[in-house]
Amino acid sequence: EAKREGGAALRFFDRAMQTQVIERAHLEADLERALDADQLRLFYQPQGDAAGVTVGLEALLRWEHPVRGMVSPGVFIPLAEEGGRIVAIGNWVLEQACHQLAHWADQPARCELTISVNVSPVQFREAGFVDGVREILAATGADPRRLVLEVTESLFLQDPKLARETMLALSALGVRFALDDFGTGYSSLSYLKRLPLDELKIDQSFVRDLLASPADAAIVETIIALADRLSLSVTAEGVETEAQAAWLRDHGCRHFQGYLFARPAPLVSGKEPLPGLPS
Ligand code: C2E
Ligand code: MG
Ligand code: MG
Ligand code: MG
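Predicted model only: the values in this text are computed from it and were never measured.

Below, the discussion takes up the coordination of the magnesium ion (ligand 3). Every protein donor of the magnesium ion (ligand 3) is listed here as Asp180 (OD), Asp181 (OD), Glu237 (OE) and Glu237 (OE), and their distances to the metal cover 2.0 to 2.3 Å. Counting residues between consecutive donors of the magnesium ion (ligand 3) along the chain gives the motif D-D-x55-E. Distance-wise, the magnesium ion (ligand 2) is placed 4.1 Å from the magnesium ion (ligand 3), both being coordinated by Asp180. A residue pair is termed long-range when its members are at least 10 positions apart, and Asp180 in strand S6 (residues 176-182) and Glu237 in the loop between strand S8 (233-236) and helix H11 (242-250) qualify at 57 residues.

What follows is about helix H2 (residues 73-83). Looking at H2, one finds that the buried residues are Phe76, Leu79 and Ala80. The arc enclosing the buried residues of H2, seen along the axis, measures out at 100°, which places them on a common side. Those residues of H2 that are exposed and aimed more than 90 degrees away from the buried face are Gly74 and Glu82. Of the residues flanking the start of H2, the one acting as N-cap is Ser72, its side-chain oxygen 3.0 Å from the backbone nitrogen of Gly74. Once H2 ends, the next one or two residues include Gly84, with phi positive near 85°.

Once that is clear, we can look at the state of the cysteines. Applying the stated rule across the entire model yields 0 disulfides. Lacking any disulfide linkage, Cys98 is separated from the closest cysteine sulfur, that of Cys111, by 16 Å.

Neighbouring ligand 1 are 21 residues, the closest being Arg62, Asp180, Gln204, Glu240 and Tyr259. Gln45 has a polar side-chain atom sitting 3.0 Å from a nitrogen atom of ligand 1. Note that an oxygen atom of ligand 1 is positioned 2.8 Å from one of the side-chain N or O atoms of Asp180. Within the complex, 81% of the 800 Å² of free accessible area of ligand 1 lies under protein.

Val117, Phe124, Leu147, Leu149, Phe156, Leu170 and Leu248 are the most contacted members of the largest nonpolar core, which has 74 residues in total. If one sorts the elements of this core by residue count, helix H3 (residues 86-104) sits on top with 10 residues. Not counting the four nearest positions on each side in its chain, Leu149 is found in contact with Leu94, Val117, Val119, Phe129, Leu170, Val175, Arg176, Phe177 and Ala178.

So, how was this worked out
Residues numbered from 1 in each chain as written. Chains lettered and ligands numbered in written order. Predicted model: local features only at pLDDT ≥ 70, side-chain atom pairs only at ≥ 80, totals over all residues. Heavy atoms only, no water. Donors = N, O, S within 2.8 Å, 3.2 Å for Na, K, Ca; no water. Helix = DSSP H or I, 4+ residues; strand = E, 2+ residues; numbered from the N terminus. Buried < 20%, exposed > 50% of the residue type's maximum accessible area, 1.4 Å probe, protein only. Arc of directions from axis to C-beta. Polar contact = N/O pair within 3.5 Å; in protein donor to acceptor, adjacent residues only side chain to side chain. Disulfide = S-S within 2.5 Å. Near = heavy atom within 4 Å. Areas by Shrake-Rupley, 256 points an atom, 1.4 Å probe, with all protein chains shown as cover. Core = buried A, V, L, I, M, F, W, Y, C linked by side-chain atoms within 4.5 Å. Contact = heavy atoms within 4.5 Å.

What follows is the structure in structure tokens.
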């Protein structure tokens with residue numbers, strides 16, 4: 001009896017797995033074409049200072065699938081990483097972001113904005129990555145100091161030496177680095193002194209329960225203090241309420257990103273209103 005049930009459960013499991021595998025294969029095949037078929041969109045989420053003025057934007061990728069609608073990067077980035085597609089996609093994102101920077105360069109209200117671009121470890125470890133960034137900067141005329149590359153702690157786990165060399169080469173170009181989702185990875189704090197970092201981004205999981213959870217509050221306070229002592233700027237991610245923003249401001253956080261300040265949105269003309277900036 002038990003054996004029969006087990007058999008049935010196994011068959012069910014098999015079928016569910018099979019469906020998942022097929023779904024995934026379809027999505028992967030669609031993703032191969034997404035770039036050429038012009039289905040990728042770059043959204044931008046403003047980052048504000050304590051006075052509510054936009055100081056930068058994070059570029060966030062969207063896939064407008066012809067049948068499924070908007071597919072989240074949480075779904076397709078891992079697929080793109082596995083299939084190697086992330087390299088071409090990542091270059092496209094960098095190009096778009098650098099074009100936008102160059103476009104703003106002669107607008108007095110916007111010429112100091114930074115754009116942060118998420119970089120996958122797979123893309124980062126590609127042999128041609130530094131040259132690719134250099135070429136994109138040259139081709140677009142973007143100021144390298146306005147480009148912030150967001151990396152995660154996972155980058156330092158596999159080949160820390162290569163990661164460090166790549167970061168040093170890019171920072172020699174003037175490019176800056178933010179450590180994304182800080183506090184959620186497994187890397188050691190010693191990276192903070194060995195790598196050319198400019199910014200820590202407090203992961204939204206700590207910000208979410210800040211006011212209810214003393215442990216989260218303690219972690220956030222510690223990250224802010226650590227950033228301060230290391231002369232790194234610190235950005236809180238996922239700020240959704242005025243109460244969270246007030247707490248963060250009171251505890252010395254100077255930069256904010258989250259739905260409270262602004263949602264990610266496309267930039268069509270580049271003249272879209274941004275919080276705290278004249279249009
Ligand atoms: P991330 O870099 O940590 O980006 C922040 C995520 O939080 C974004 O999700 C953003 O839309 C979301 N978010 C912003 N404010 C709030 C808020 O107040 N509340 C909540 N609940 N969420 C908020 P998104 O756009 O879905 O991106 C997810 C992740 O996908 C990113 O996390 C990043 O790791 C990755 N990603 C996005 N674009 C790219 C890209 O161009 N290249 C690579 N390699 N990864 C990307
Ligand atoms: Mg990010
Ligand atoms: Mg993040
Ligand atoms: Mg993330």
